[in-house]
Amino acid sequence: MEKEFASIIEQLGEDITREGLVDTPKRAAKAMQFLTRGYEQNLDEVINGALFPTENSEMVIVKDIELYSMCEHHMLPFIGKCHVGYVPKGQVIGLSKIARIVDMFARRLQIQENMTKQIADAIMEATGADGVGVVIEARHMCMMMRGVEKQNSSMKTSMMLGSFRKSQPTRSEFLTLIN
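Residues numbered from 1 in each chain as written. Predicted model: local features only at pLDDT ≥ 70, side-chain atom pairs only at ≥ 80, totals over all residues. Heavy atoms only, no water.

The name that an unreviewed UniProt entry assigns to the chain is GTP cyclohydrolase 1, with the source organism given as Amphritea opalescens. The chain has a UniProt comment under Catalytic activity (unreviewed entry) that states "GTP + H2O = 7,8-dihydroneopterin 3'-triphosphate + formate + H(+)". (UniProt positions renumbered as here; feature names shortened; annotations may be inferred.)

Caption draft 1: The arrangement of the UniProt feature "domain: GTP cyclohydrolase I" (unreviewed entry) in the chain in detail. Within this numbering scheme, the UniProt entry marks residues 1–178 as carrying the feature "domain: GTP cyclohydrolase I" (unreviewed entry). With 42% helix and 28% strand, residues 1–178 has its two end C-alpha atoms placed 40 Å apart. (Helix = DSSP H or I, 4+ residues; strand = E, 2+ residues; numbered from the N terminus.)

Caption draft 2: Quick look at helix α4 (residues 95–106). Relative to the 16 Å expected for 12 residues at 1.5 Å per residue, α4 spans 18 Å between its end C-alpha atoms, a close match to the ideal helical length. What α4 keeps buried is the set Lys97, Ile98, Ile101, Val102, Met104, Phe105 and Ala106. In this structure, the buried residues of α4 make contact with α3 (43–47), β2 (60–71), β3 (77–87), β4 (91–93), β5 (109–110) and α5 (112–127). (Expected span 1.5 Å × (residues − 1). Buried < 20%, exposed > 50% of the residue type's maximum accessible area, 1.4 Å probe, protein only. Contact = heavy atoms within 4.5 Å.)

Caption draft 3: Main features of the nonpolar core. Residues Cys82, Val84, Ile101 and Ile119 are the most contacted members of the largest nonpolar core, which totals 34 residues. Secondary-structure elements contributing two or more residues to this core are α3, β2, β3, β4, α4, α5, β6 (131–140) and β7 (155–162). Per-element accounting of this core gives the leading share, seven residues, to α5. Not counting the four nearest positions on each side in its chain, Ile119 is found in contact with Cys82, Val84, Val102, Phe105, Val134 and Ile136. In terms of nonpolar packing, the next biggest core, distinct from the first, is built from seven residues, Met59, Met160, Phe164 and Phe174 among them. (Core = buried A, V, L, I, M, F, W, Y, C linked by side-chain atoms within 4.5 Å.)

Caption draft 4: Quick peek at the packing of aromatic side chains. Inspection of every chain in the model, using the stated rule, returns one aromatic pair. Judged by centre distance (5.3 Å) and plane angle (75 degrees), the rings of Phe164 and Phe174 are edge-to-face. Taken together, the positions of Phe164 in helix α7 (residues 163–166) and Phe174 in helix α8 (residues 168–178) put the pair 10 residues apart, joining distant regions of the chain. Residue Phe164 shares its accessibility class with Phe174, and that shared class is buried. Against the face of Phe34 rests Arg37, its NZ or CZ located 4.1 Å from the ring centre. (Phe/Tyr/Trp six-rings, centres within 6.5 Å; stacked < 30°, edge-to-face > 60°. Lys NZ or Arg CZ within 6 Å of the ring centre and 35° of its normal.)

Caption draft 5: Seen up close, the domain arrangement of the chain. The domains assigned to the chain are domain 1 (1–36) and domain 2 (50–178). Centre-to-centre, using C-alpha coordinates, domain 1 lies 33 Å away from domain 2. Surface buried jointly by domain 1 and domain 2 totals about 420 Å² across both partners, of which 70% is contributed by carbon and sulfur atoms. Per-residue buried area on domain 1 facing domain 2 is highest for Met32, Leu35 and Thr36; these three make up 85% of the total on that side. In this assembly, domain 1 and domain 2 are joined by zero salt bridges. The tally of links between domain 1 and domain 2 comes to zero residue pairs in polar contact (both at pLDDT 80 or more). Here the residues of the side of domain 1 that touches domain 2 are counted per class, giving three nonpolar, one polar and no charged. (Domains from an automatic or database assignment. Buried area = accessible area lost by both parts, 1.4 Å probe. Salt bridge = Lys/Arg side-chain N within 4 Å of Asp/Glu carboxyl O. Polar contact = N/O pair within 3.5 Å; in protein donor to acceptor, adjacent residues only side chain to side chain. Nonpolar A, V, L, I, M, F, W, Y, C, P; charged D, E, K, R; others polar.)

Caption draft 6: Seen up close, helix α1 (residues 2–11). Along α1, the positions that sit buried rather than exposed are Phe5, Ala6 and Ile9. The buried residues of α1 occupy an angular sector of 100 degrees when projected down its axis, which confines them to one face. Of the residues in α1, the exposed ones pointing more than 90 degrees away from the buried face are Lys3 and Gln11. Summarising the contacts, the buried residues of α1 are in contact with α2 (24–35). One or two positions beyond α1, positive phi appears at Gly13, with a value near 100 degrees. (Arc of directions from axis to C-beta.)

So, in structure tokens, the structure goes:
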């Protein structure tokens, strides 16, 4: 990957031997590996057995989970926050594991629409919940730094599964509590 970054820098017309750029290909490769480390993770490893029995059947919400991802179309960042809610059915997931699941999918080349669904499906699969809701709000550098250059735009996506999709009161409770 280092060689490819060196080639890109040279194709931009820069001198790869210039003092400020000498180590840039190595740093860029290391950064890209970090930013896409979600490819090296899977749901079982991320959860690591952190599922606990419960008699609670009321909504659990973790909101304002910051996320950093890379647009798969332009390889530019999008940055935002994710809100996750679920209605347990016999077990709950460790609180930090929800944030780790968000990171696992965010740290890949992504589009926000797919990531929202992937997170919801993973929470549903892991917990066997009665329902799951996920809302993501993000600002996309591919829209802010290039193209239409709209600095104040943001994108919201949602995915509702199970009782969050079937029951308007459940959906409304979730949306009210995250706002």
